[in-house]
Amino acid sequence: MENLKFTFFFTLIFLIISLLPISLSTDIKVQQNKDEPYVGVNIGTDVSNLLSPADLVAFLQLQKITHVRLYDADAGILKALAKTKIRVIVSVPNNQLLAIGSSNVTAATWIGRNVAAYYPDTLITAVAVGDEVLTTIPSSAPLLMPAIESLYSALLAANLHNQIKISTPNSASIVLDPFPPSQAFFNQTLSPVISQLLQFLSRTQSPLMMNLYPYYVFMENKGVVPLDNSLFKPLTPSKEMVDPNTLLHYTNVLDAMIDSVYFSMKNLNVTDVVVLVTETGWPSKGDSKEPYAKIDNADTYNSNLIKHVFDRSGTPLHPEITSSVYVYELFNEDLRSSPVSEANWGLFYGNSTPVYLLHVSGSGTFLANDTTNQTYCIAMDGIDAKTLQAALDWACGPGRANCSEIQPGESCYQPNNVKNHASYAFDSYYQKEGNSPVSCDFKGAAMITTTDPSRGSCVFPGSKKASDNKTSQVVNSTDASSAGTKRLIGFHGTRMSVFNAGLYLLSGASFCLFYYSFVP
């Protein structure tokens, strides 16, 4: 009987202990936002025909986008966002740091005009002070903390300091030797400012904002950093990156970059600040020097990124904490300077048609340009007219495709050419056959695409099918044309300065050693 009591007692103790919350870092959970992790988008203005603020906000609502980041504090957009429940980060441009950091009055005026004037009708959640100041304009580094402190004092005076956070977005290049993550540390020449910044963020329970681009890590280390690791693609155990010091397994580059920031903070004895990814993305088009900047890779990266965040799987170091991210960016910015990729980071063209269709089904209603993996069959480029005509004749004849819409006077007759008519007929047959891959061949004249080929009043069979089958999903379109017009938003010079490029290259060298040392 005594043994039974003894056993019961220790069993009870074991159960109590097992139910206690266990975390790799209990400190950092204090800073973890109680809200679910989210995916937001960056909105800039380097666009030839920018949507009006009202149209922009209507588009955000259509796409179920709940968080945005502006690179300034545009009055029109902030007014249009009022009473929409869309949360917004406003920004202090780099060229205003000197004035704000030198005068508390100027800082108070800025907060009054750009924050207090709109809050709480417009849900401003944070102020981003500058952008990549420490690495793009290091001469302004001494201005950063005075500007941040002055702005915080102004928020405090307005009694908004608990609702609105202040931080500054940083380039990944402030972290040196990031692979493996456990050996990462902040650039020591920047440590005095970074230490002050982290102390401020810890004191005010604000996040460390980081701009993290696996694309650049991959491009600087082609042949060493596998593309699949950069794109969140499923990996076999042999392809996972293993940190030799922690034995943590990394299945994607972004998680490794986030953990390198956490380890760097830990080296400065800061363990209660969370990472907010203020920029990440993949370009859909590039010049000859950027062959991996293409639609398929951009679609894969951003689709898998969104799923990864909504899966709430955290990182190997902090599985209990999932960083929210802001995709760079909402629209292609046609006014951006070279290289070509600079104008092609957007999810949408300026006319609000998708550059590509994200595949994020199962991740809620975020971004309605997901068509639940809807695919279409169209004529392949470079096929001669005779071959296309023969395939068209078969599809509309023996294949029994519905070709009524490509007859003279009907909605899909124009443009009147064999490629256009063949694409419609191919898709009609492909949809009739249940989207079977073998039904989209036509002796090599056809190809499957995820981009809706509909245009204007001409709606392809696959698009009609998606519309008929939709439930709560909103069809993404204001006229789903085949993505022709370029324009929209952006912001600062280039994604990566020469200084940052050099640091990415150094990061890659350490990644090479990391990857090849631990992958069989």
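Residues numbered from 1 in each chain as written. Predicted model: local features only at pLDDT ≥ 70, side-chain atom pairs only at ≥ 80, totals over all residues. Heavy atoms only, no water.

Identification of the protein chain as glucan endo-1,3-beta-D-glucosidase from Abeliophyllum distichum is taken from an unreviewed UniProt entry. What UniProt records for the protein chain under Subcellular location (unreviewed entry) is the sentence "Cell membrane". We quote the UniProt Catalytic activity (unreviewed entry) comment for the protein chain here in full: "Hydrolysis of (1->3)-beta-D-glucosidic linkages in (1->3)-beta-D-glucans." (UniProt positions renumbered as here; feature names shortened; annotations may be inferred.)

**Quick look at helix α13 (residues 295–310)**
Taking 1.5 Å per residue, 16 residues should reach 22 Å; α13 reaches 22 Å between its end C-alpha atoms and fits that length. Its buried side turned inward, α13 meets β1 (39–43), α10 (214–220), α11 (227–230), α12 (253–267), β12 (275–280) and β13 (325–327). Just downstream of α13, Arg312 is the residue with a positive phi angle, here 55°. (Helix = DSSP H or I, 4+ residues; strand = E, 2+ residues; numbered from the N terminus. Expected span 1.5 Å × (residues − 1). Contact = heavy atoms within 4.5 Å.)

**What about the pattern of salt bridges?**
All chains considered together, the criterion is met by 10 salt bridges. The salt bridge partner of Arg336 is Asp46, with a shortest N-O separation of 3.3 Å. With Arg336 in the loop between β13 and β14 (376–379) and Asp46 in the loop between β1 and α3 (53–62), this residue pair connects regions lying 290 residues apart in the sequence. Residue Arg336 is classed as buried on the basis of its relative accessible area of 8%. Residue Asp46 is classed as partly exposed on the basis of its relative accessible area of 23%. A salt bridge links Asp228 to Lys233; the nearest nitrogen and oxygen atoms lie 4.0 Å apart. (Salt bridge = Lys/Arg side-chain N within 4 Å of Asp/Glu carboxyl O. Buried < 20%, exposed > 50% of the residue type's maximum accessible area, 1.4 Å probe, protein only.)

**Points about the packing of helix α6 (residues 104–116) against helix α8 (residues 141–157)**
Contact geometry of α6 with α8 gives a least axis separation of 8 Å together with a crossing angle of 60°. With respect to each other, α6 and α8 are oriented oblique. Of the two elements, α6 crosses α8, and the hand of that crossing is right-handed. Residues Asn104, Ala107, Ala108, Trp110, Ile111 and Val115 of α6 lie in contact with α8, whose contacting residues are Ser150, Leu151, Ala154 and Leu155. When the residues that make up the contact of α6 with α8 are grouped by side-chain class, the tally is 8 nonpolar, 2 polar and no charged. (Axes fitted to C-alpha atoms, helices over the stretch in contact; angles between N-to-C directions. Parallel < 35°, antiparallel > 145°, perpendicular 65-115°, else oblique. Left-handed = near helix turned anticlockwise from the far one by under 90°. Nonpolar A, V, L, I, M, F, W, Y, C, P; charged D, E, K, R; others polar.)

**A word on the packing of aromatic side chains**
Taken as a whole, this structure holds 22 aromatic pairs when the rule is applied. Measuring from ring centre to ring centre gives 5.5 Å for Tyr152 and Phe200, while their planes differ by 90°; the resulting arrangement is edge-to-face. Separated by 48 residues along the polypeptide, Tyr152 in helix α8 and Phe200 in helix α9 (residues 191–204) bring together distant segments of the chain. Here Phe200 falls in the buried class, since its relative accessible area comes to 1%. Between Trp282 and Tyr301, the ring centres sit 5.7 Å apart and the planes meet at 35°, which makes this aromatic pair tilted. Of this pair, Trp282 sits in the loop between β12 and α13 while Tyr301 sits in helix α13; the two residues are 19 residues apart in sequence, bridging distant segments of the chain. Comparing Trp282 with Tyr301, the two get one shared label, buried. (Phe/Tyr/Trp six-rings, centres within 6.5 Å; stacked < 30°, edge-to-face > 60°.)

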